[in-house]
Amino acid sequence: MSDSHEAEPIRIDTTAAHSARVYDYWLGGTTNFAADRAAGDAVLAARPGLRYSVQANRAFLVRVVQWLAGDMGVRQFLDIGTGIPSKNNTHEVAQAVNPATQVVYVDNDPIVLAHAHELLKSTPEGATDYINGDLRDTEKLLRGASRTLDFSQPVGILLLGVMHHIPDEHDPYGIVAQLVAAAASGSYLVISHPASDLLPETQGEASKRYNQHVATGQRLRSREEVARFFDGLELVEPGLVQWHQWRAGDGSPDGAITGHSGVARVP
């Protein structure tokens, strides 16, 4: 496990809500505390349909990884902003398609580090690693990932529900560009991002409550702003859509609202 500081005690502040634990609560998980549940409930009161959205985001991850590992033959994944281990983690989905797949997870929440052993249960043919690191320290993150991944070969870069935690002053577009620049031709960038222009009044109030209660704030973005992350890349069909709509067939409920998502190939 890279950069995990296993000899040091993992210190978790249970009195302050944290994004990974709030998300776990919305998914129906049990790795959360009273502060996380209180924050999650405050946001849900403003946007009752949010639980569907986070569940749909997880389903989007599964569809994307299955498609990349299967149809596109991607054998390496860099999953940034991993969150607390749940069902259908990236390595489980990808290695079910090809057992030799290699996956590196990245997160900076201490409770994710505490549960990272669940992310390291690779097939014998494949490999997994976990990096306790910050997306904003992109160069260090890439160095750590290169111990497992070969960036001269295609890699799937997964940024699901993480870029909204990077405010404009920390140059989110520059961060994504740096990740893409390190990837070989034939790699793929996958992003899902909560929207500022879908249900704007409801979303605005929900985001306000989130920022009041959760230590890691968020910056919602419009479809146009999310599209900028894919500048210079080749968006694959169906393009930039809500994440419950991406290659989902007929299984999505009418009137469902999630957020913006896309998958693009590095030329």
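Residues numbered from 1 in each chain as written. Predicted model: local features only at pLDDT ≥ 70, side-chain atom pairs only at ≥ 80, totals over all residues. Heavy atoms only, no water.

1. Points about helix α1 (residues 19–26)
The following threshold applies: A simple rule labels every residue: compare its accessible area, found with a 1.4 Å probe on the protein chains alone, to the largest value its type can have, and call it buried under 20%, exposed over 50%, or partly exposed in between. Strands are runs of DSSP state E lasting at least two residues, helices are runs of H or I lasting at least four, and both sets are numbered from the N terminus onward. Should any heavy atoms of two residues lie within 4.5 Å, those residues are counted as being in contact.
Within α1, 7 of the 8 residues are buried, which leaves the element mostly enclosed by the surrounding structure. Among the residues of α1, Ser19, Ala20, Arg21, Val22, Asp24, Tyr25 and Trp26 are the ones counted as buried. Here the buried face of α1 lies against α2 (34–46), α3 (50–70), α5 (110–114) and α8 (200–213). Just past α1, the residue glycine 28 takes up positive phi, approximately 90 degrees.

2. Remarks on the pairing of strand β5 (residues 188–194)
Heads up, the rule is: Pairing between two strands is assigned when DSSP locates at least 2 bridges connecting them. The path from the first strand over the helix to the second decides the hand: if it runs clockwise while the strands point away from the viewer, the crossover is right-handed.
Extensive coverage of β5 is indicated by the burial of 7 of its 7 residues. Burial along β5 is two-sided: the face carrying Tyr188, Val190, Ser192 and Pro194 and the face carrying Leu189, Ile191 and His193 are both buried. One ladder, built from 5 bridges, connects strand β4 (residues 156–160) with β5; its direction is parallel. Each bridged residue has a counterpart across the sheet, and for leucine 160 the counterpart in β5 is serine 192. Remark: the β4/helix α7 (residues 172–181)/β5 crossover connection has right-handed handedness. Bridging between β5 and strand β8 (residues 259–265) involves 7 bridges; their strand directions are antiparallel. Bridged to isoleucine 191 within β8 is glycine 262.

Read these as geometric descriptors, not functional statements.
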